[in-house]
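Residue strings, one per chain:
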Amino acid sequence: MSYFVESLRQLLGLKPVKPTPEQIPIPVQAIYKEKRKTPLTREALHAVEAGHARSANRHKWRNRRWITLIVVNLLFVLSYVLDVQLVEGALTASRVIGFHLADLNSALQVTLAYKHIVVNLLIGTLTVLVLWILLGGRTFCSWVCPYHLVAEWAESLHLWLAKRGWAIDIQFHRTVRAVFYVIFALLALLTGYTVFETISPTGILSRALIYGPGLALLWILALLAFEVLLSRRAWCRYVCPIGITYGLVGVISPLRVQYNMRSCHHEGDCRKICMVPHVLDVTIRGRAQGLTTDIGADCTRCGLCVDICPTGSLSYTFKGLEKAL
Ligand code: SF4
Ligand code: SF4
């Protein structure tokens, strides 16, 4: 199945397709066969993982991402506080050195609510669209969205509590995110009001950082409490329409995470750490249909799997520039 079709299916919440043995090319089958003949012992695997855990690159992409996310959001704050008009507005709609920029999902909501295309919004939206096509689509989620960062920290607390039996992870069907997407679009269309924007933790946090805290932060706290105690990363996984909007952009983005099945041990460290683990089903033994596979567009390009993979089987790629990188 093509990358585009498989990405769209996964964005809608459907399960990744499991290939039949006939769909797996002979060279890939030969590598699986070879691995089965010489399986890695548990001790050897732990030694590989421990060696990697001690390496300097253990948090390379996570650290780069956190710094980028904090700097981008600080630019908005400092521009407002110091009144330098370098970056004006908030993440949902802004002006960067005089250029209008509009978050794609907010622009969609505004267009549906007002039922006509605002020209200024169109220019800003197209600029942002091109930018995020080049940068990877859901890269917005993990590299820019301030809620992603606090939810990521909350997730660490959730995992710590869950390990001790003090938190649970209620898992919903992933199709609910697509259902919410339609509901928010219909609400904008029918009420003439961008309902999602009033409850979006991305917008609330961005505005709170720039203009100061307000009562809306109580909603963020409630969301985080739900995620910490009851359902791991629930908002991003099951609700947020921004993820689908940028995921659709990511379908045509050349920036992807790529999987190399040859070196993989299939133990699944990457799937345990990933917020959208279905995109990594290809790392399960017998799932790859090629020596290399591009991870689907629901991937946020956060780099956590690239960092954690003890064998370097996951890496960033930019289609068309592989040789130059
Ligand atoms: S790709 Fe995933 S399953 Fe394979 S070696 Fe890396 S972390 Fe382990
Ligand atoms: S596949 Fe890797 S880069 Fe993509 S969201 Fe999961 S952990 Fe992040």
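Residues numbered from 1 in each chain as written. Chains lettered and ligands numbered in written order. Predicted model: local features only at pLDDT ≥ 70, side-chain atom pairs only at ≥ 80, totals over all residues.

S.K.: What exactly am I supposed to notice about the overall build of the chain here?
M.R.: The number of helices and strands found in the chain is 16 helices and six strands. Here the C-alpha atoms of the chain give a radius of gyration of 21 Å, agreeing with the 20 Å that 2.2 N^0.38 yields for 325 residues. Overall, the C-alpha framework of the chain stretches about 65 × 40 × 40 Å when taken along its three principal axes. A separation threshold of at least 6 residues defines the contact pool for the chain, and within that pool the share at least 24 residues apart is 74%. (Helix = DSSP H or I, 4+ residues; strand = E, 2+ residues; numbered from the N terminus. Rg over C-alpha atoms; globule rule 2.2 N^0.38 Å. Contact = placed C-beta atoms within 7 Å.)

S.K.: Help me understand the site of ligand 2, please; the structure alone is not making it clear to me.
M.R.: Taken together, 15 residues lie near ligand 2, and C274, C299, C302, L304 and C305 sit nearest. Among the residues forming the shell around ligand 2, the class breakdown is 12 nonpolar, two polar and one charged. (Near = placed C-beta within 6 Å. Nonpolar A, V, L, I, M, F, W, Y, C, P; charged D, E, K, R; others polar.)

S.K.: What is the right way to look at the UniProt feature "transmembrane region" (unreviewed entry) in the chain in this model?
M.R.: In this numbering, the UniProt entry assigns the feature "transmembrane region" (unreviewed entry) to residues 66-82, 113-135, 178-196, 208-226 and 238-257. Between the first and last C-alpha atoms of residues 113-135 the distance is 28 Å; the span itself is 83% helix and 0% strand. As a span, residues 208-226 carries 74% helix and 0% strand, and end to end its C-alpha atoms are 21 Å apart. (UniProt positions renumbered as here; feature names shortened; annotations may be inferred.)

S.K.: What's the story with the nonpolar core in this structure? I'm lost.
M.R.: It is characteristic of soluble globular proteins that their nonpolar side chains tend to be buried jointly. With 63 residues, the main nonpolar core has F140, W235, Y246, C270, L280, C305 and L314 as its most contacted residues. Sort the elements by how many residues they give to this core and helix α13 (residues 234-239) lands first, with five residues. Residues within four places of W235 in sequence aside, it is in contact with A151, P201, L223, E227 and C240. (Core = buried A, V, L, I, M, F, W, Y, C linked by C-beta atoms within 7 Å. Buried ≥ 20, exposed ≤ 12 C-beta atoms within 10 Å, placed from the backbone.)

S.K.: Whenever I open this one, the site of ligand 1 confuses me. Can you help?
M.R.: Around ligand 1 sit 14 residues, and of these C264, D269, C270, C309 and S313 come closest. Its residues assigned to classes, the shell around ligand 1 shows six nonpolar, six polar and two charged.

S.K.: Hey, could you run me through the sheet that holds strand β4 (residues 255-260) in this one?
M.R.: Note: strands within a sheet are paired through backbone hydrogen bonds, in either parallel or antiparallel orientation. The strand order β5-β4-β6 describes an open sheet built from three strands, whose pairing is antiparallel. Pairing within the sheet leaves two strands with one partner each, and these edge strands are β5 (292-294) and β6 (314-318). When the angles between neighbouring strand axes are averaged without regard to direction, this sheet yields 35 degrees. Here β4 pairs with β5 via three bridges, running antiparallel. The residue of β5 that forms the bridge with N260 is T292. (Pairing = 2+ DSSP bridges. Axes fitted to C-alpha atoms, helices over the stretch in contact; angles between N-to-C directions.)

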